[in-house]
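What follows is each chain in one-letter form.
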Amino acid sequence: MFGIALKSLRSKWRDYIVLFVGLIISAAIFYMFSAMASNKAFLESNSFVSQISIIFVIGEILLGIITFVYLNFANAFLLRLRQSDYGLMSMLGASKKQIGSLLLRETLSIGVIATVIGIIFGFALTSLSSSYLIKLLGVELTHWQSISVKSIVITLIFFTVLFLLNGLYNKRRLSKQDTLALLLANKQVNQPKVHQKVDLLFGLIGLALLIGSYILMPKIATLGMAGFVVILVLNVWGTYWFISRTLKMITNWVRQSSFSMRGLRSFINGQLSFRLPDYQRMLSSIAIMFALALGAMSVGQGYYRMLPKLAESNYPVTAVYDTNQVNTDNLKDVTWQQTYHYVKSGNTIYFNGAEFNANKLPARVPSTDGASMHTKWLTGDYIRKTPGSDYTLEGIANQLLNQSYGAKVIVTPSQAQMPANGELQSIKMVKVSDMLANEKALAHNASVEKKVTKSDIEFATGSYAGYQQTKGIFGGVEFMGVFLGIGFLAMLAATLMFKTLSGVADDKQRYRILTMIGTSDAQITRTIATDLGILFGIPMIIGIFDVIFGLKMFAPLMAGEKNIYLGFGPSLVGILGLYLIYYLLTVWMYRRLIKN
Amino acid sequence: MTESLLIANQLNKSYLSAAGVQQDVLHDLSFSVDKGEFVAIMGPSGSGKSTLLNILSTLMAPTSGTVTINGKDIWQLSDKEVSKFRGQDMGFIFQNYNLIDSLTVQENISLPLTLQKAGAKKIKQAVKKVAQMLHIEEYLNKYPSELSGGQQQRVGAARALVHNPALIFGDEPTGALDSENAREMMNYLTTINANEGISIIMVTHDAFSASFASRILFLTDGQITKTINRDNQPREVFYQQVLSELGNFN
């Protein structure tokens, strides 16, 4: 039996290489993410908020589910490769039990070998990709390391368990098939069955569900959790029926129209209609994963890009300086600036209310519906009479005391009520119209300020300081969004590549006939590119639509609808770039396999 | 005097075996086929008849020698010209039909014309015409796997005919058919040869099928060892002659 196995390996080595490469990629990606998620020092040093590590755990679970799905595809492919050999063994007298244990051993050894190579590959990939991403995103990451013993163990156990489960499942499936079915396994044709009325009905329902989910997405804020579930169900079923039925409707229509009577259009259409029954589930999951990848990246990047705007919206001024050492002349387009005096006494900062009566103090307050913020100008009298209206001053007081919270503020009616023993000092508040245009000057001023007062930007108030603080926090989120996005996409595109290449044997015969009846090499290449282009294009287009509408769900998080597409453009370019590489690689490999 | 359509001149084909030994399949083989002629090539297994057909039909390159069709040396043509030649000037009927399983009968037959970018109307008319001639109109919307062997072979013939080629190659076109279907197929080929003036070169090991041809070349060890002409004999008489030749031959 070992001889047969070895012979089969030799004759189908191309298929095995495709399988192996796919498995190695998935193990490498899983390891990469696990290395990041299990690296506590890295997570803690890059995230202010402890919730970030929860996001990483959620990310790893998602990645685990996708890996699980992927391994199912890979093992189904493995079973398909071996089925006819098992049939042959069975005919030669091997018992189901013998064959079953052989299958289990084969699955496990392929799995473990691929996982080990994948982890080694993961080391290299992790150090390469992280340094590239860090450079690309301009975020600072500390405590990043490529080799993590914990992740090696997690990846090994996770993959071995999955392969074991898959092996047992394959074994069970195998034991239910008879010898003849096994022998003929690779020669069965899956004829597309056409039930025009049913297809039309479900096709239209699919389209309606998909559009319905798009209509509901922007309304998520009012619909709540139940709405989210409804949207998810509508979108998943909509996608599935759209791909399985609407596309079938379209291929039927093309088949009957004269559109297909030119060049190899009928052939491409035939390929698509033949593939659909076999590909519909996979294309649906890829469409959804594509949307997840693009969505994760768009939100991550969008949020990061929105930070300056968020900071400007939260603070009434750009910066507050505790010293006259800072010269604000280097700032461009200053729209407002004012100097106020204070006296420090223990944990309390005293301000002179009369100064605010003369020159009102700006504060950011939410509008009545809570949807936006606007600046309110406060007098000293108003602040004294209205409890809780002194938060601008509280921020300033904490900055002056170099602490994140806990400072006490007292606004006195006039300078006479301020403590006589304290030194009268001054602060300067300044607002510029464009913070990012002044970023260099603001950084310079902050460093001058720090030299004199030893106060950290972490505790400072103003939109510039707020921006710097959140940049630190959300740099990690953006990094993870991009990392997850790329991980999802790399795996899903590999799945599609894998599936397409595994069907090459059937297609080879079709292309051989085409060549014999006068199709040129260039035409064959064009046909392959179009055929695979449609396969890759379907989930991509649905995924892009999903994200265009899906991002509207993030309007509350992104401070309004106008900001939701901030990260969409660059993410789309990145994702499409990667997807294109997979597509071109698949076309190239496919072309080579067809030609051989 | 009739004009030559195909001239094969001193064709040689040799392979290097796995053990590194050179094996000659065709040896200095020369012959010609006239326009409108129906030629059968017979010979035992391994005599090189399939190799010869593959070389004549541009599917395989000879080691040396030339093949001229309509005055053009087909092995001097560019890839594009070869494709054009296959698509426009020749039709091919295979023993195993070679239909594309993902296309309906109609689409399979249309392929040579859609490749030439013919108009939809012209394609429909041409498909209808050959489908009527070969009695396969009722299967046009079926897939090859839904048809019997004989029906599939007729579809293969329809695809070979639909673009009015000058020359049809047949590689054991009746090899997979029962005697009734084989007779029917050979009658079709004879009809299109006589009515449309299409030349036919067919490889077969079957004396019955060969007896429909006007000339038979016998191939042994890569060389033509005997040629017989039907002249004006009835087919049944010619059949007997082929059988007796085969008897001598073996």
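Everything numeric here is computed off the predicted structure, so don't read it as measured data.

Caption draft 1: Here's a closer look at the sheet that holds strand β7 (residues 167-171) of chain B. Residue and element names in this part refer to chain B. As summarised here, the arrangement of the 6 strands in space is β6-β7-β8-β3-β9-β10, forming an open sheet in which the pairing is mixed. At either margin of the open sheet sits one strand with a lone partner, and together these are β6 (90-93) and β10 (223-229). On average, each strand axis in the sheet is tilted by 20 degrees relative to the strand beside it, whichever way the strands run. Strand direction decides the pairing type here: strand β3 (residues 38-42) and strand β9 (residues 215-220), joined by 4 bridges, are parallel. The residue bridging M42 from the neighbouring strand is F218, located in β9. Running at roughly 150 degrees to β7, helix α1 (residues 49-56) makes contact with β3, β6, β7, β8 (199-203) and β9 of the sheet.

Caption draft 2: Focus on the UniProt feature "domain: ABC transporter" (unreviewed entry) in chain B. In the UniProt entry, the feature "domain: ABC transporter" (unreviewed entry) is given for residues 6-246 of chain B. With 37% helix and 27% strand, residues 6-246 of chain B has end C-alpha atoms that lie 26 Å from one another.

Caption draft 3: Just the packing of helix α9 (residues 220-256) of chain A against helix α17 (residues 521-550) of chain A, in detail. Residues and elements named next belong to chain A. Two numbers describe how α9 lies on α17: the axes approach to 12 Å, and their chain directions differ by 145 degrees. In this structure, α9 crosses over α17, and the sense of that crossing is right-handed. The residues of α17 that touch α9, namely those facing N235, T239, F242, I243 and L247, are I538, I542 and D546. In terms of residue class, the contact of α9 with α17 is made up of 5 nonpolar, 2 polar and 1 charged.

Caption draft 4: Spotlight on the sheet that holds strand β5 (residues 72-73) of chain B. Residue and element names in this part refer to chain B. Strand order in the open sheet formed by 4 strands is β2-β1-β4-β5, with antiparallel pairing between adjacent strands. Each having just a single partner strand, β2 (22-34) and β5 make up the two edges of the open sheet. Judged from the 2 bridges that link them, strand β4 (residues 64-69) and β5 form a sheet pairing that is antiparallel. Note that in β5 the partner of I69 across the bridge is K72. Set on the sheet, α1 makes contact with β1 (4-16), β2 and β4; between it and β1 the angle comes to about 125 degrees.

Caption draft 5: The interface of chain B and chain A, seen in detail. Taken together, the 27 residues of chain B in the interface contact 27 residues of chain A. Considering only the side of chain B, the residues that lose the most area to chain A are B:S102, B:L115 and B:Y143, jointly responsible for 22% of the buried surface there. In this assembly, chain B and chain A are joined by 2 salt bridges. Across the salt bridge formed by A:R255 and B:E107, the nearest N and O atoms sit 2.9 Å from each other. Here chain B is connected to chain A by 8 residue pairs in polar contact (both at pLDDT 80 or more). For the side of chain B that touches chain A, the elements supplying multiple residues, two or more each, are α2 (79-88), α3 (105-115) and α4 (120-133) of chain B. Top contributing element to the side of chain B that touches chain A by residue count: α3(B), with 5 residues. Looking at the side of chain B that touches chain A residue by residue, the classes come out as 12 nonpolar, 8 polar and 7 charged.

Caption draft 6: Representation of the packing of aromatic side chains within the structure. On inspection of all chains with the given rule, the structure shows 23 aromatic pairs over all chains. Summarising the aromatic geometry, the rings of A:F351 and A:F356 are spaced 6.1 Å apart at their centres and angled 45 degrees between planes, so their arrangement reads as tilted. By relative accessible area, which is 1% here, A:F356 ends up buried. Seen in terms of ring centroids, B:F92 and B:F94 are 4.3 Å apart; in terms of plane orientation they differ by 5 degrees. Their pairing is stacked. What links up through ring pairs into an aromatic cluster is the set A:F202, A:W237, A:Y240 and A:W241. One Lys or Arg, A:R265, reaches over the ring of A:F259 and ends 4.3 Å from the middle of that ring. Directly above the ring of B:F212 sits B:R235, whose terminal nitrogen or CZ lies 4.6 Å from the centroid.

Caption draft 7: Spatial organisation of the environment of A:E439. Residue and element names in this part refer to chain A. Mapping E439 onto the fold places it in helix α14 (residues 439-453). In the structure, E439 is positioned 25 residues away from Y464 in sequence and 8.0 Å away in space, judged by C-alpha atoms. Setting aside anything within four residues of it in sequence, one finds E439 in contact with Y464, Y467, Q468 and K471.

Caption draft 8: Geometry of a positive patch on the surface. Together, A:R262, A:R265, A:R526, B:K72, B:K80, B:K84 and B:K117 line one region of the surface with positive charge. By the element assignment, A:R526 lies in helix α17.

Quick notes on the rules
Residues numbered from 1 in each chain as written. Chains lettered and ligands numbered in written order. Predicted model: local features only at pLDDT ≥ 70, side-chain atom pairs only at ≥ 80, totals over all residues. Heavy atoms only, no water. Pairing = 2+ DSSP bridges. Helix = DSSP H or I, 4+ residues; strand = E, 2+ residues; numbered from the N terminus. Axes fitted to C-alpha atoms, helices over the stretch in contact; angles between N-to-C directions. Contact = heavy atoms within 4.5 Å. UniProt positions renumbered as here; feature names shortened; annotations may be inferred. Left-handed = near helix turned anticlockwise from the far one by under 90°. Nonpolar A, V, L, I, M, F, W, Y, C, P; charged D, E, K, R; others polar. Buried area = accessible area lost by both parts, 1.4 Å probe. Salt bridge = Lys/Arg side-chain N within 4 Å of Asp/Glu carboxyl O. Polar contact = N/O pair within 3.5 Å; in protein donor to acceptor, adjacent residues only side chain to side chain. Phe/Tyr/Trp six-rings, centres within 6.5 Å; stacked < 30°, edge-to-face > 60°. Buried < 20%, exposed > 50% of the residue type's maximum accessible area, 1.4 Å probe, protein only. Lys NZ or Arg CZ within 6 Å of the ring centre and 35° of its normal. Patch = residues over 30% accessible without salt bridge, like charges linked within 9 Å, V, L, I, M, F, W, Y side chains within 5 Å. Areas by Shrake-Rupley, 256 points an atom, 1.4 Å probe, with all protein chains shown as cover. Lys, Arg positive; Asp, Glu negative; His and termini not counted. Charge placed at Lys NZ, Arg CZ, Asp CG, Glu CD.

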